[in-house]
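Tertiary structure, described
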Amino acid sequence: MPGRWWAEFGSDSLNGLVEQALRNNPDIETAQAALRQAAENYIADTGQLYPQVHGNASLARQRSATTGQAFDLFNASVGVSYLVDAFGGVQRSLEASAATQETQRFHLEATYLALTSNVITAAIQEAALSAQIAALQDIITAQSQELDLLNQQFELGAVARGDVLAQQSQLASTQASLPPVQKQLEQVRNTLAILTGRLPAAGQVPSLELADLRLPPDLPLSVPSNLVHQRPDIRASEALLHSATANVGVAT
């Protein structure tokens, strides 16, 4: 499993979300099962390197032709065979099986990285949208208070009717911008629930605040070639190519 890079944000709630996703997400379980299957297949294929022992036993009830007396006849046999890998076909087959196992391992690592990245992205979006909603609500409160003040001034003749109407229009525009943001927040929370292996209706995900998150003080630096080589999807493709090349060797 890749390192816990998300811990650099310093949020216990964020760490809990990621750990819950790693435990409950079905994509992780599927990738783990595929890796276990590939590992067992490789172990089974290594049996081709060893002699194969076959045993057989039988019991028959027969009767003597001369005396007519019945008796039991036991028969047992053991055979040993060994495939001489003179042309290296078995070794190339094992090479292909090992490469397939490597492919599944990199697929699992890619699934880890994709899942954790999606959880972090959704969690930060959730915190940002929550902060945006709080700011809009504060603005609506301030604009409502200002509208009340303008209405009082209008009744006293201190301001024109146009000033009141302009403030009403501005308040209505701000209020109209709030429902779309609330909808986005619910969509992000539903996404977080799915990523953590729960139904959206099962319960609310923990709320995060931008103030609880911190940027890592030191960012890792690397050249593009090293960064590309670290990507598990690219390494999985390389392992898949290795497996295909080994299978060509088996056919040859």
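Residues numbered from 1 in each chain as written. Predicted model: local features only at pLDDT ≥ 70, side-chain atom pairs only at ≥ 80, totals over all residues. Heavy atoms only, no water.

In terms of regular secondary structure, the chain is built from seven helices and two strands. The secondary structure elements of the chain, listed N-terminal to C-terminal, are α-α-β-β-α-α-α-α-α. Rg of the C-alpha trace for the chain: 35 Å, well past the compact-globule value of 18 Å for 252 residues, more than 25% over. Taking the principal axes of its C-alpha atoms as reference, the chain extends roughly 135 × 55 × 30 Å. Buried residues in the chain amount to 26% of all 252 residues. Partitioning the contacts of the chain with sequence separation of at least 6, the portion at a separation of at least 24 is 72%. Roughly 16200 Å² of accessible area belongs to the chain as shown, and the carbon and sulfur atoms make up 56% of that amount. Side chains of the chain carry 14 positive and 24 negative charges; the gap between the two charge centres is 11 Å. (Helix = DSSP H or I, 4+ residues; strand = E, 2+ residues; numbered from the N terminus. Rg over C-alpha atoms; globule rule 2.2 N^0.38 Å. Buried < 20%, exposed > 50% of the residue type's maximum accessible area, 1.4 Å probe, protein only. Contact = heavy atoms within 4.5 Å. Areas by Shrake-Rupley, 256 points an atom, 1.4 Å probe, with all protein chains shown as cover. Lys, Arg positive; Asp, Glu negative; His and termini not counted. Charge placed at Lys NZ, Arg CZ, Asp CG, Glu CD.)

The next subject is helix 3 (residues 89-155). For helix 3, with 67 residues, the first-to-last C-alpha span of 97 Å sits near the 99 Å given by 1.5 Å per residue. Looking one or two residues beyond helix 3, the residue adopting positive phi is Gly157, at roughly 80°. (Expected span 1.5 Å × (residues − 1).)

Attention now moves to the packing of aromatic side chains. A full pass over the atoms with the stated rule returns one aromatic pair. Between Trp5 and Trp6 the ring centres are 6.0 Å apart and the planes differ by 75°, which places this aromatic pair in the edge-to-face class. Exposure remark for Trp5: the relative accessible area of 33% places this residue in the partly exposed category. By relative accessible area, which is 1% here, Trp6 ends up buried. Above the ring of Phe106, the side-chain terminus of Arg105 is found at 4.6 Å from the ring centroid. Above the face of the Phe154 ring, Arg161 is positioned so that its terminal group lies 5.3 Å from the ring centre. (Phe/Tyr/Trp six-rings, centres within 6.5 Å; stacked < 30°, edge-to-face > 60°. Lys NZ or Arg CZ within 6 Å of the ring centre and 35° of its normal.)

For the rest of this paragraph, the subject is the pattern of salt bridges. Following the criterion strictly, the structure yields six salt bridges and no others. Salt-bridge contacts for Glu102 lead to Arg105; the nearest nitrogen and oxygen are separated by 2.9 Å. Highlighted residues: Glu102 and Arg105, both in helix 3, separated by three residues, approximately one helical turn. Take Arg105: its relative accessible area is 34%, and that puts it in the partly exposed class. The salt bridge involving Glu186 is made with Arg189; its shortest N-O contact spans 3.9 Å. Of this pair, Glu186 and Arg189 both sit in helix 5 (residues 178-195), three residues apart, roughly one helical turn. (Salt bridge = Lys/Arg side-chain N within 4 Å of Asp/Glu carboxyl O.)

So, about the packing of helix 1 (residues 12-24) against helix 3. In contact at an axis separation of 10 Å, helix 1 and helix 3 are set at 140° when each is read in the N-to-C sense. By crossing handedness, the relation of helix 1 to helix 3 is classed as right-handed. Within the contact between the two elements, helix 1 uses Leu14, Leu17, Val18, Ala21 and Leu22 and helix 3 uses Tyr112, Leu115, Thr116, Val119, Ile120 and Ala123. Class assignment for the residues of the contact of helix 1 with helix 3 results in ten nonpolar, one polar and no charged. (Axes fitted to C-alpha atoms, helices over the stretch in contact; angles between N-to-C directions. Left-handed = near helix turned anticlockwise from the far one by under 90°. Nonpolar A, V, L, I, M, F, W, Y, C, P; charged D, E, K, R; others polar.)

Moving on, we get to the side chain of Thr174. Looking at where Thr174 falls in the secondary structure, it is placed in helix 4 (residues 161-176). Since its relative accessible area comes to 12%, Thr174 is described here as buried. Residues in contact with Thr174, not counting those within four places in the same chain, are Leu136, Ile139, Ile140 and Gln143.

So, to be careful, I would describe these as geometric facts and stop short of saying anything about function.
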